[in-house]
Amino acid sequence: MATDAGGSAVIDKDGLDALVAVLAGRGRTVIGPIVRDGAIVLAELGSGADLPYGWGVELEAGTYRLRAREDGAAFAHSAGPQSWKTFLHPPRVREWSADRSADGDLVVTEETGTPPAYAFLGVRPCDLRAIAIQDRVLTGGRHADQGYRGRRERAFLVAVECTDPGATCFCVSMGTGPAAGPGFDLALTEVLDAGGHRFLVRAGSEEGESVLADLPRSPADPATREAAHERVAGAADRMGRSMPPVDLRTLMRETLTAGRWDDVAARCLTCGNCTMVCPTCFCTSTEDVTDLTGDHAERWRHWESCFDLDFSHLPGGSVRESPRSRYRQWATHKLGTWFDQFGSSGCVGCGRCIVWCPVGIDITEEAHALHQERESRAARPPGPESPA
Amino acid sequence: MNAEPRRRPRLAVWKFASCDGCQLTLLDCEDELLGLAEQVEIAHFLEASSASEPGPYDLSLVEGSVTTAQDVERIHHIRAVSRRLVTIGACATAGGVQALRNYADVAEFQAAVYARPDYVATLATSTPISAHVPVDFELRGCPIDRRQLLEVITAHLAGRRPAVPAHSVCFECKQRGTVCVTVAHGTPCLGPVTHAGCGAICPAYGRGCYGCFGPGDSTNFPAFVPLLRRDGMDTLDVVRVLRTFNTAAPEFDAASRKELDR
Ligand code: SF4
Ligand code: SF4
Ligand code: SF4
Ligand code: SF4
Ligand code: SF4
């Protein structure tokens, strides 16, 4: 668990209700997990009562099922079908519009207006890291995305540590969870035991402290701290998946010609779901639309994916024509070349791409297979036909 | 700037073997129709007006598939008098549901359906327009999507490429924020092999996509069909779901034939 420089306390369900109310009262749009369409999705919370009390999830590669839980826990689920990028880096945004005036001049209007002030309730530790990674990608370079920056700077993050990892989670391998790292305003740890249903709360920012001060709360007692610590430590031992314990960046670099890429390409539908659900994938494309008169034009930006043939369309055609090259682009970007570009892994181990791949392709399984292929190649005595 | 009033481009809308649903989509663009009539001269559109002006036309929208010898002649004529020819809908782009005849004996159908089959002169197959003449752009769907139709027309007027992606329905489904019906409910869905364009309507209402926009530009049926089977479809179900409005689209056709050969 991260240190709690900013003070801590214990709240109960009423305190959680109050948290939603206090954040809304401060003019924020509070987004959190709710049950909808057979999944735990992220949506605006009307009140704390909207939280998925008593719902858990059963995850496998290509499968997601809601499961009722006896214990009434609110946060005993792991990453769902969307991530916070839906709000911070939305699927479609208008960037500007242009109008031709009567005298023929073009008047360009940039999208302005105050960005929404979000409060995200229930940011899992892997997603907390994913947000930090998107911060680096979208605002850390020379050409910052001002829209993203505006939404991000105003967002209040309530992290919730993981106590019930899914069968597809591997945050321990990626060093991102199940305890919350830095970057939160408040961090909660849900505790359910003989002492009751309660949440250890720690503040990680000044605003976090001030919100905490507005909640009905009791001091953070040693028993709750201990229970919270144990539950999170226990979660670390119950990870459903793991990455091979090697340097993944080197693994990707050394297996670019592996036969395994053909194997996975034969199974891949190139449907793009993995990139859309991945909380760090940031790729977009722009589209210009005009109206019938041609006097009004708009530029829209929308999510794009390296699985789309058009994405790598250059004069002469797509440069990643084969499914093999597209799957390899995705995996090597997440696990390898992201380091070269942005100084970190592009994967945080949330498992979404595994769950929401219709055919259940599992990036950890692929990494293990690549690792094994490299090992067996290294073990083989060098011969005339050693692979390129 | 505005020296002379610009000549309005001339639009023609043509019908071949079809249900008229795609032409109706154009009439459905109520809010935009007046604006459209200002921008283009609607020179031939029998669904809207019986007045028909002779060609040449700047843009021809063609609905329907080719099913008779006269159709073959007519489409060649239309091509000859059209600067750009855009096919609209599953019939025109893939042959439509009437292409089911391609798998059967048309004479037998005729005998079963018509009192006087000898009055019916028809080809043995239903084929897309592109099988007969070069086509500048194909707009998919059964029926087509009105936003996409307007996009194709406005793009034509502006001289730009229409923003009509050819990737899978899954892209739109995820952008819409729909919970995947296959992953979360075990419902068979053709989204991963289907061309985007509808905005992923069906999954948004909790049902699987049934492929009315035909195949996307990057399909993998050998990997996809086992998924349909996992979710409860047998060979006949798989063949049936592939053999609808886009049955003759090459990818759907090959996959359904392969199923029957198993
Ligand atoms: S690659 Fe997969 S597991 Fe890693 S962050 Fe993206 S969605 Fe999560
Ligand atoms: S994996 Fe693909 S979609 Fe994701 S960030 Fe990299 S190139 Fe973009
Ligand atoms: S890995 Fe899965 S989700 Fe990603 S493109 Fe391939 S089939 Fe789709
Ligand atoms: S519901 Fe269908 S279209 Fe949507 S993501 Fe799932 S498989 Fe793709
Ligand atoms: S989801 Fe599929 S079947 Fe439904 S409208 Fe769209 S393309 Fe047609």
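What you see is a predicted model; the values in this text were computed from it and never measured.

Asker: How would you explain the site of ligand 5 if you had to name every residue and give the values?
Answerer: The local shell around ligand 5 consists of Thr 194, Cys 198, Cys 202, Pro 203, Cys 209, Tyr 210, Gly 211, Cys 212 and Phe 213 of chain B. Among the residues making up the shell around ligand 5, the classes are represented as seven nonpolar, two polar and no charged.

Asker: Go over the side chain of Ser 312 of chain A, please, and point to the residues and values.
Answerer: Residues and elements named next belong to chain A. Its place among the elements puts Ser 312 in the loop between strand 13 (296–303) and strand 14 (313–314). Polar side-chain contacts of Ser 312 include one of 2.9 Å to the side chain of Ser 318. Within polar-contact distance, the side chain of Ser 312 engages the backbone nitrogen of Arg 320 at 3.2 Å. Leave out the neighbours within four places in its chain, and Ser 312 touches Gly 317, Ser 318, Val 319 and Arg 320.

Asker: With reference to specific residues and values, describe the environment of Ala 196 of chain B.
Answerer: All names here are of chain B. With respect to the secondary-structure elements, Ala 196 resides in the loop between helix 8 (181–185) and helix 9 (201–204). Note: C-alpha distance between Ala 196 and Val 164 (32 residues apart in sequence) is 8.2 Å. Every residue in contact with Ala 196, bar those within four places of it in the chain, is listed here: Pro 165, His 167, Ser 168, Val 169, Glu 172 and Phe 213.

Asker: Could you give an account of the interface of chain A and chain B, with specific residues and numbers?
Answerer: Contact with chain A, which involves 48 residues of that partner, is made by 36 residues of chain B. When residues of chain A are sorted by the area they lose upon contact with chain B, Leu 269, Leu 292 and Pro 358 of chain A head the list and together hold 22% of the total. Taken together, the links from chain A to chain B amount to one salt bridge. Joining chain A to chain B, the criterion identifies 16 residue pairs in polar contact (both at pLDDT 80 or more). Secondary structure elements with two or more residues in the side of chain A that touches chain B: strand 3 (39–44), strand 5 (63–68), helix 9 (260–267), helix 10 (273–277), strand 12 (284–290) and strand 13 of chain A. For the side of chain A that touches chain B, the element with the highest residue contribution is strand 12 of chain A, accounting for four residues.

Asker: Could you give an account of the side chain of Thr 364 of chain A, naming the residues involved and the relevant values?
Answerer: Note that Thr 364 of chain A resides in helix 13 (residues 363–379). Judged by its relative accessible area of 2%, Thr 364 of chain A falls in the buried class.

Asker: Give a description of the pattern of salt bridges that names residues and reports values.
Answerer: Residues and elements named next belong to chain A. Counting across every chain of the model gives 42 salt bridges over all chains. Arg 26 is the salt-bridge partner of Asp 214, the closest N and O atoms lying 3.0 Å from each other. Of this pair, Asp 214 sits in the loop between helix 6 (206–213) and helix 7 (222–236) while Arg 26 sits in the loop between helix 1 (13–25) and strand 2 (29–36), placing them 188 residues apart in sequence. Owing to a relative accessible area of 34%, Arg 26 belongs among the partly exposed residues under this scheme. The partner of Asp 262 in a salt bridge is Arg 324, with the nearest N and O atoms 2.9 Å apart. Separated by 62 residues along the polypeptide, Asp 262 in helix 9 and Arg 324 in helix 11 (residues 323–342) bring together distant segments of the chain. The partly exposed category is assigned to Asp 262, whose relative accessible area is 44%. Given a relative accessible area of 23%, Arg 324 falls into the partly exposed group. Residues participating in the shared-partner salt-bridge network are Arg 260, Asp 263, Arg 267, Glu 365 and Glu 366.

Asker: Pulling in residues and values, what's your account of the domain arrangement of chain B?
Answerer: Residue and element names in this part refer to chain B. For chain B, the domain assignment lists domain 1 (10–158) and domain 2 (169–260). Tallying the contact residues gives 15 residues for domain 1 and 18 residues for domain 2. Across the interface of domain 1 and domain 2, roughly 1,300 Å² is buried in total on both sides, 55% from carbon and sulfur atoms. On the domain 1 side of the interface with domain 2, the three residues burying the most area are Tyr 103, Arg 140 and Cys 142, jointly 47% of the side's total. Linking domain 1 with domain 2 are zero salt bridges, by the criterion used here. At the junction of domain 1 with domain 2, the criterion picks out five residue pairs in polar contact (both at pLDDT 80 or more). At the level of elements, helix 4 (89–94) and helix 6 (146–158) are the ones that each hand at least two residues to the side of domain 1 that touches domain 2.

Asker: Just give me the short version of unusual backbone geometry, but keep the residues and values in it.
Answerer: Omega for the peptide link from Gly 177 of chain A to Pro 178 of chain A comes to 0 degrees, which places this bond in the cis form. Within the fold, Pro 178 of chain A resides in the loop between helix 5 (171–174) and strand 10 (186–193). A positive phi is found at Asp 20 of chain B, a non-glycine position, where the angle reads about 80 degrees. Topologically, Asp 20 of chain B is positioned in the loop between strand 1 (10–15) and helix 1 (21–28). Residue classification places Asp 20 of chain B among the buried positions, given a relative accessible area of 17%.

Asker: I'd like a rundown of the nonpolar core, residues and numbers included.
Answerer: Nonpolar side chains in soluble globular proteins generally cluster together in the buried interior. Of all hydrophobic cores here, the largest spans 43 residues; its most connected members are Leu 16, Leu 19, Tyr 64, Phe 75, Leu 121, Leu 186 and Trp 356 of chain A. Ranked by residue count, the leading element in this core is helix 1 of chain A, at six residues.

Asker: Explain the sheet that holds strand 10 of chain A to me, using residue names and the numbers behind them.
Answerer: Residue and element names in this part refer to chain A. Across the sheet, seven strands lie side by side as 1-11-10-9-8-2-3; this open sheet has mixed pairing. Whereas interior strands pair on both sides, the edge strands pair on one side only; in this sheet they are strand 1 (8–12) and strand 3. Strand-to-strand twist across the sheet, computed as the mean angle between neighbouring axes with direction ignored, equals 25 degrees. Relative to strand 11 (residues 196–203), strand 10 runs antiparallel, the two sharing eight bridges. For Ala 187, the partnering residue across the bridge sits in strand 11 and is Arg 202. Where helix 1 meets the sheet, it contacts strand 1, strand 2, strand 8 (118–123), strand 9 (156–160), strand 10 and strand 11, and its direction lies at approximately 105 degrees from that of strand 1.

Asker: If you had to explain the confidence of the model for chain A to someone new, which residues and values would you point to?
Answerer: The predicted model of chain A averages 94 in pLDDT, with 96% of residues at 70 or higher. Confidence drops under pLDDT 50 across residues 1–5 of chain A; counting only partners more than four residues distant or on other chains, this segment forms 13 contacts.

Asker: Can you lay out helix 6 of chain A for me, pointing to particular residues and giving the numbers?
Answerer: Residue and element names in this part refer to chain A. All of the buried residues along helix 6 are Gly 208, Val 211 and Leu 212. The buried residues of helix 6 occupy an angular sector of 100 degrees when the element is viewed end-on, so they sit on one face. Looking at the buried positions of helix 6, the neighbouring elements they touch are strand 1, helix 1, strand 9, strand 10 and strand 11.

Quick notes on the rules
Residues take numbers from 1 onward in each chain, read along the sequence in its written order. Here every chain gets a letter starting at A, and every ligand a number starting at 1, in the order they are written. Note on the predicted model: pLDDT of at least 70 is required for a residue's local features to be given, and 80 or more for side-chain atom pairs to be given and counted; whole-chain, interface and lining totals, by contrast, use all residues. As a convention, hydrogens and water are excluded, and side-chain values are obtained from all of the structure's heavy atoms. We call a residue near a molecule or strand when any one of its heavy atoms sits within 4 Å of it. Only Asp, Glu, Lys and Arg are considered charged, only Ala, Val, Leu, Ile, Met, Phe, Trp, Tyr, Cys and Pro nonpolar, and every remaining residue, Gly among them, polar. Under the scheme used here, helices are H or I runs from DSSP no shorter than 4 residues and strands are E runs no shorter than 2 residues, and both carry numbers assigned from the N terminus. For this analysis, a polar contact is any N or O atom pair within 3.5 Å, provided that within protein one partner can donate a hydrogen and the other can accept it, and provided that sequence-adjacent residues contribute only side-chain to side-chain pairs. Should any heavy atoms of two residues lie within 4.5 Å, those residues are considered in contact. Throughout, the accessible surface (probe 1.4 Å) given up by two parts as they are put together, summed over both, is called the buried area. The term salt bridge refers to a side-chain nitrogen of Lys or Arg lying within 4 Å of a carboxyl oxygen of Asp or Glu. Accessible area is worked out with a 1.4 Å probe on protein chains only. A residue is then buried under 20% of its type maximum, exposed over 50%, and partly exposed in between. Residue ranges assigned to each domain were obtained from an automatic or database domain assignment. Put simply, a nonpolar core is a bunch of buried Ala, Val, Leu, Ile, Met, Phe, Trp, Tyr and Cys residues held in one set by side-chain atoms that sit within 4.5 Å of each other. Strand pairing follows a simple DSSP-based rule, namely that at least 2 bridges must link the two strands. Every axis in this analysis is a line fitted to C-alpha atoms, fitted for helices over the stretch in contact. Angles between the N-to-C directions lie between 0 and 180 degrees. The quantity known as pLDDT measures the predictor's confidence residue by residue, on a range of 0 to 100. Along the arc lie the directions from the helix axis toward the C-beta atoms.

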